[in-house]
Structures are given as C-alpha cells and as structure tokens.
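Notes for the structure review
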Amino acid sequence: QFAATGVQTCFHGRHINPQILADLDGNNWRLKDYEARGGYQALRKILAQGDGQGMTPDQVIAEVKAGSLRGRGGAGFPTGLKWSFMPRQFPGQKYLVCNSDEGEPGTCKDRDIMQYNPHSVIEGMAIAAYAMGISVGYNYIHGEIFATYQRFEEALDEARAAGLLGDKILGSAFTFQLHASHGFGAYICGEETALLESLEGKKGQPRFKPPFPASFGLYGKPTTINNTETFAAVPWIIRNGGQAYLECGKPNNGGTKIYSVSGDVELPGNYEVPMGTPFSTLLELAGGVRKGRTLKAVIPGGSSAPVLPASIMMECTMDYDSIAKAGSMLGSGAVIVMDDSRCMVESLKRLSYFYMHESCGQCTPCREGTGWLWRMVDRIHKGQGRQTDLDLLNSVADNIQGRTICALGDAAAMPVRAMIKHFRHEFEAMIKPKTLSASPAPVQASLQA
Amino acid sequence: MIPVHTPAPAASLSEQAFVRFAREVAKFPADGKQSAVMACLTIVQEELGFVSAESEKIVADYLGMAPIAVHEVTTFYNMYNQRPVGKYKLNVCTNLPCQLRDGAKALKHLEHKLGISMGESTADGLFTLQQSECLGACADSPVMLVNDLTMCSFMSNDKLDQLIDGLTSAEAK
Ligand SMILES: NC(=O)C1=CN([C@@H]2O[C@H](COP(=O)(O)OP(=O)(O)OC[C@H]3O[C@@H](n4cnc5c(N)ncnc54)[C@H](O)[C@@H]3O)[C@@H](O)[C@H]2O)C=CC1
Ligand SMILES: Cc1cc2nc3c(=O)[nH]c(=O)nc-3n(C[C@H](O)[C@H](O)[C@H](O)COP(=O)(O)O)c2cc1C
Ligand code: SF4
Ligand code: FES
C-alpha cells in the first residue's frame, strides 16, 4: 500500500530515446516480457544461436569500445578498456561483479533498473562474462532495497530455468554462474575494493589501488566490477552495434544515461536521455523548478560532486566532459536541484554529517577530517562560526583531498570547497553579525576578501 | 533511551533459518564460506529482531569463523541491530536530497506522533525511530524503511499517521 509503484519515478514517458527504461510498466519485468522486448537476443547472437553468426570475445569488446560506453558508477572509466585489462589466459578462477550498492545520496536509478528490468542486468553480465572468459559472477545489492534483491533472485531463477545462466548456456560451451548478494547499510561498500572486502565477508574497508581489481580482486583473483547501469547498457550495444550506440550520445560519451533528478523539481524521478542532452531540457522533463521558484544551484552528480550555481549549470550539457569542464563531475548521474529558498550552509552541514558518519576510519585525514569539517559547518550554522573558519574549512579539505586510500575523502572535501567557492557570501553572512555582537574585536580586513 | 522489552532469552533460530544459511553458503566457493556472513546475520535479525553475541557465535560456528570476525561485521554495517529494538523499526532518510523534499519533516512528525526522539523506542516496545542515510529511493521522498525490508514511499504526514495508527490498532487486537 505504501510501496513505490514506479509510476512517478520511471513509467512517466518523459524519457528521450530510452534504451534501458523503454516500454516498462512495472508488471513486465519477467523473462517472457523481456524476451518480447528483444531480450536475450544479444546473448543468442554472440553464442551463434538462432540467426546469430556468433561473435568472438574480442569482437564483443571491440563493439563496447566502439560505442564509447563509460562506467555509470561515477568515474566514467571506458568500459571496453576495462574489460580488455582482464588477463584472458589466466589459468585460475576469475570473477565478474556488479556494483548495485547504490548509496550515493540522490541516486536511485539502479533500483529501478533491477526492480523493473532485472534481465537487462543479467544479460549484460552474461555477455561481459563471455567477453572476458569469466565463469562466476555476483551482483552486490544495496541492503536497503531488500525487495529489489528478492526480485533479482527471482529473475535469476527464471534465467537459470531457461538455460540462460548456468552450465553450457543455450547449448554452447559457455558456462556462467551468477548469484545475488547484499550489503547491509554501509555507503563505503559502493567503493569497488570495499565491496570486494564485504563480499568476502569482512568489514567494508577499501584496499589500496593499485593493484586494481583487474589484477587482484575477489579472493585475490582477477575481477571486473561494473555498475548496474553499465551492464544494463550492454545488450543494446551488441544488438544494435557500437556505432549506433555512439551516435545516440556524443563523441567520447556514447549512449543514453539515466539521471535521478531529486530535490526542488515538480516531478522527481529517473529520466533516461541521450548523453549530451542540455541540462535545461532535463530540468524541463522533470517539470521545472518546484512551485514556480527559481533555480539556485545544482549538484549534478550525486552528493560527492561539487555544486554548480544555476548560471553555470544552465549552460551545461549532461555528459562527462561538459560537466567536468564546468568544474564538477557527472558522477552517478544524481541531479540534486536546489531553489532560491535553500540555505547552502544547512545543505553542506547535512552532507558533511553524512561523510563523517560513513568514513570507514582507516585513514587519519578522512576519519578526523570529516568530523572536523562537520563540526565547523555545524557551528557556522548555529551562528557560532569564527572569522577564520572559512579558511580553515578550505585548508582541512585540502589536507584530506588526495591523501586517502579511497575517494570518499575527496567526496567529503570537494563539496566543501565548491560551496565556499560559489556561495561564500552565505557563509560569511552567518559568521559576521554574530561575531560582531559577540566580540568587541574589529573585523579583520583580510577576511573580507 | 527508554528500554524496550527484551525478547525471551530462549529465542533461538528455526530450522528454516539453517536451510536459508545453506542456500547462501552455496553461492560461494568452498573456501569462501565466510562470504555468506552478512546474509546469515540478516536472516538472524529477521527471525530474532537483533544480533546477540550468542547469535554471532552460532553464525561463526556455522561458517567456521572466529566470533570476533562475525562481531566486526555486525558492528560495521549500520542496519544490524546490536540490541533489541521495537517491533517496528522505522528508518527515515534525512540526507540532503530527501531533506529538500520533507524527509526531515517526516522524521519530526514521527517524533511528535510517537512522543520520542530519533534513536529512541516507544515505552510499549512497538516502535523504534531512527534517522538514516540515503536509502537509494531519493525520488520517492519522504521515504522510510520499515524493519529493514519494506520501503515506504512518498510518506506525507497523512500517510505516516495512517501507517502508525494501522500498526498500533492491529497490535491492540
Ligand atoms: N554510484 C554511486 O553511488 C557512487 C559513485 N561514486 C563515484 O565513484 C567515483 C570514484 O570511483 P573510483 O572507483 O574510486 O574511481 P577510479 O577512477 O579509481 O576507478 C574507476 C574504475 O576504473 C578502474 N580503473 C581505473 N584505472 C585503472 C587501471 N589503470 N587499470 C585497471 N583498472 C582501472 C577501476 O578499477 C574502477 O573500476 C567518483 O567519481 C564518484 O562519482 C562515488 C560514490 C557513490
Ligand atoms: C565512496 C565511494 C562509493 C561508491 N559507490 C558506488 C556505488 O554505489 N555504485 C557504483 O556503481 N559505484 C560506486 N563507486 C565507484 C566504484 O568504486 C567503481 O568505480 C564502479 O563501480 C566501477 O563501475 P563502472 O566502471 O561501471 O562505473 C563508489 C566509489 C566511491 C569512492
Ligand atoms: S578515505 Fe575514508 S572511507 Fe576511504 S579508506 Fe580512507 S578512511 Fe576509509
Ligand atoms: S537521499 Fe533519501 S533516499 Fe536517497
């Protein structure tokens, strides 16, 4: 009765050329429905079933490269290139892992993909396994979306029963076992090496990279990890060709991308649009800024991405390169929209609390720094900020960034610097009057710059 | 914090739980049994409401792990209850995207309605209220996760009232 139906989030028909979320209605997630939409044809094609001529692993990787598919988990790493890193002739076990630990605040696309189109992920993983010669895979699913985990298990059973997973798939020589696994409430397990630790049954504490998982992954074996959406994009590429996928997006940014639009918009939800779609178009699809207010700022790629003021954002197109050029990152594609009524200090305070809470504690700069950042933003918000706090915030952020094992440290530091860079006056306004009335000392000129 | 009723000390795992344990272990290589620890602890919590030291010991024995290694897992992941909680554990997301869409308000409303602060349980042991980080359902805000398994979306104050009243009256019967 209270559960999401997906009507609001992804069955709204306001996508542009959707590939993954096309033709879904919430009830057609089963195998037979997926096959009616053309599902598993890509797998049949590469395995030379039906009309398919068969494709070699190299040909599969070449198509993915030609399509310029980039990792949808946030870093945008070229997927075909990552796949080509896997040692093909490695004698022992290799693993394939799907990162469905979607925990980046603002991101809710992987849930809808697995809930309403789970077989697209299964088929994508099977194709990837074939391309890299892998026989065992796991999908690690965010613990909070347990119903989706159960749905995915059901879809796996269907695929196994139909001979699409398991030994000698579709009568070929290709064998691939796929299992679902789940987290239980730790944001850090989305980081790929923390995820591997967790999958091994330990605390999710990231490992040093390099070695990358491609050489030392699950149980120390070569492992490829990709995001849910990355895998879900693969069947379309194999069916229609890498060139068609590339043309659907823009150079170096192939295909479509699902953006989770949240915050101050009329119609929050997931929107699948071609890479390179103007931000203004995406905002329009989401019904525009709520209650007729005006746009103040946007966090374009999940809470770890630096905030951008409206004027810059409205000039951007939604793809890795454009957002990077504007000084932020496309990240997981979580577009957090803020209107002119929002207080940036309060927003930053909530984000800083999150990173403090989720730091795994291994690195001193992150463990201590995230707490320090939060305490400072908190006191500014309470009107107890000190004149030196803004410089100190920047300096603490500087000392975290680039000095930690994983990117969570950077994710905590970057929003702080961007908020101060673009909205310094809001922070100063909260610090100044209180300080003046509280202490007789004159305001130092240097701090007003 | 108001103490909640401790379940009968004799509470133990059902046979079904061990069937489910075995299913989880089978997903992993023979020398990777430990990989099933999170799933096993989740099953424990589903049956017993929380993960006690005794339960950790059972899981440790089952998977051939040191109890302390199991304990490390219980304490690292936010969703494991390390002590008994109310019959209904309500986790409301208040992270920024939800805060922008009344997530924090939903939490306030529940605090008011239940007469407790976040982190506490009601005196009758029925409800535990917690703030949580992103549940991965941001576009459905306000969202609330009930007992780790059920995601409730678009929880306006009216819907929250309906849910709480419904659960309370079902309990009274
Ligand atoms: N989707 C979500 O919920 C979240 C996403 N993120 C995103 O995660 C990103 C950071 O992720 P990281 O994994 O730390 O990025 P990264 O740049 O270290 O790695 C990206 C991928 O490429 C692979 N890779 C990179 N260089 C390689 C090499 N030389 N050889 C072999 N493989 C290589 C890595 O193994 C990884 O799979 C951020 O940009 C952020 O946007 C962050 C938090 C949450
Ligand atoms: C703190 C942190 C959290 C992350 N969380 C996720 C996540 O929830 N889902 C995801 O796919 N990638 C996440 N990543 C990125 C992964 O480490 C990795 O880059 C990604 O799964 C690779 O897949 P891709 O190449 O398909 O993007 C996270 C990274 C960091 C540093
Ligand atoms: S940066 Fe933070 S989260 Fe990442 S390994 Fe270090 S302490 Fe852990
Ligand atoms: S921020 Fe609340 S569910 Fe994601």
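Residues numbered from 1 in each chain as written. Chains lettered and ligands numbered in written order. Predicted model: local features only at pLDDT ≥ 70, side-chain atom pairs only at ≥ 80, totals over all residues. Heavy atoms only, no water.

**Some words on the overall build of chain B**
Rule in force here: Only DSSP runs of H or I with at least four residues qualify as helices, and only runs of E with at least two residues qualify as strands; both kinds are numbered from the N terminus onward. Under the scheme applied here, a residue whose accessible area is under 20% of the maximum for its type counts as buried, over 50% as exposed, and between as partly exposed, the area being computed with a 1.4 Å probe on protein chains only. We call two residues contacting when some pair of their heavy atoms lies within 4.5 Å. Residue exposure ignores everything except the shown protein chains as possible cover, and the areas themselves are Shrake-Rupley values with a 1.4 Å probe. A positive count includes Lys and Arg, and a negative count includes Asp and Glu. His and the chain ends are not counted in either. Positions of charges follow a simple convention, taking NZ of Lys, CZ of Arg, CG of Asp or CD of Glu.
Assigned secondary structure in chain B consists of seven helices and four strands. Listing each helix as α and each strand as β along chain B from the N terminus yields α-α-α-α-β-α-α-β-β-β-α. For chain B, the C-alpha atoms occupy an extent of roughly 50 × 35 × 25 Å along the three principal directions. Looking at the 173 residues of chain B, the share that counts as buried comes to 53%. Within chain B, counting contacts between residues at least 6 apart in sequence, those at least 24 apart form 62% of the total. If you sum the accessible surface of chain B, you get close to 7,500 Å²; carbon and sulfur atoms cover 55% of it. Chain B carries 14 positive and 20 negative side-chain charges, and their two centres are separated by 4 Å.

**Remarks on the UniProt feature "binding site: [2Fe-2S] cluster" (unreviewed entry) in chain B**
We apply this condition: UniProt positions are given in the numbering used here, feature names are shortened, and annotations may be inferred rather than shown by experiment.
In this structure's numbering, the residues bearing the UniProt feature "binding site: [2Fe-2S] cluster" (unreviewed entry) are Cys93, Cys98, Cys134 and Cys138 of chain B. The annotated residues occupy 46 residues of the chain but converge on a single region, no pair of C-alpha atoms lying more than 8.6 Å apart. Excluding anything up to four places from it in sequence, Cys98 of chain B contacts Cys93, Gly103, Cys138, Ser141 and Val143 of chain B. For Cys134 of chain B, the location among the structural elements is in the loop between strand E2 (127–132) and strand E3 (144–146). Leave out the neighbours within four places in its chain, and Cys134 of chain B touches Gly103, Glu104, Pro105, Gly106, His142 and Glu144 of chain A together with Cys93 and Asn95 of chain B.

**Describing helix H1 (residues 15–25) of chain B**
Quick reminder: α-helices carry 3.6 residues per turn. Residues three or four places apart thus point the same way. What counts is decided by this rule: Think of the arc as the fan of directions from the helix axis to the C-beta atoms. Throughout this description, a polar contact denotes any pair of N or O atoms lying within 3.5 Å of each other; where both atoms belong to protein, one of them has to be capable of donating a hydrogen while the other can accept it, and for residues adjacent in sequence the pair is counted only when both atoms sit in side chains.
Among the residues making up H1 of chain B, those that are buried are Ala17, Phe21, Glu24 and Val25 of chain B. For H1 of chain B, the angular spread of buried residues about the axis comes to 95 degrees, placing them on one side. The exposed residues of H1 of chain B that point more than 90 degrees off its buried face are Glu15 and Val19 of chain B. Buried residues belonging to H1 of chain B abut helix H7 (146–161) of chain A together with helix H2 (37–48) and helix H3 (53–63) of chain B. Near the N-terminus of H1 of chain B, the side chain that reaches the backbone nitrogen of Gln16 of chain B, with its oxygen 3.3 Å away, is that of Ser14 of chain B.

**Focus on the domain arrangement of chain B**
Basically, it comes down to this: As used throughout, domain bounds are those supplied by an automatic or database domain assignment.
Here chain B is partitioned into domain 1 (15–76) and domain 2 (88–172). Taking only C-alpha atoms into account, the centre of domain 1 of chain B sits 28 Å from that of domain 2 of chain B.

**Focus on helix H7 (residues 157–172) of chain B**
All names here are of chain B. Let me state the cut-off plainly: One fewer than the residue count of a helix, multiplied by 1.5 Å, yields its expected span.
The first and last C-alpha atoms of H7 sit 22 Å apart over 16 residues, in line with the 22 Å expected at 1.5 Å per residue. Within H7 the residues assigned to the buried category are Leu160, Leu163, Ile164 and Leu167. All buried residues of H7 lie within an arc of 90 degrees about the axis, which places them on one face of the element. Of the residues in H7, the exposed ones pointing more than 90 degrees away from the buried face are Asp158 and Ala172. Next to the buried residues of H7 lie strand E1 (88–93), helix H6 (103–114), E2 and E3.

**Considering the pairing of strand E1 (residues 95–100) of chain A**
Residue and element names in this part refer to chain A. The line we're drawing: A pair of strands is treated as paired once DSSP finds two or more bridges between them.
Of all the six residues making up E1, six are buried; the element is thus mostly covered by neighbouring parts of the structure. Burial of the side chains of E1 extends over both faces: Tyr95, Val97 and Asn99 are buried on one face and Leu96, Cys98 and Ser100 on the other. Of the pairings in the sheet, the one linking E1 to strand E2 (residues 136–141) comprises six bridges and is parallel in character. Following the sheet pairing, Val97 is matched in E2 by Tyr138. Strand direction decides the pairing type here: E1 and strand E4 (residues 223–227), joined by five bridges, are parallel. Across the sheet, residue Leu96 finds its bridge partner in E4, namely Thr224.

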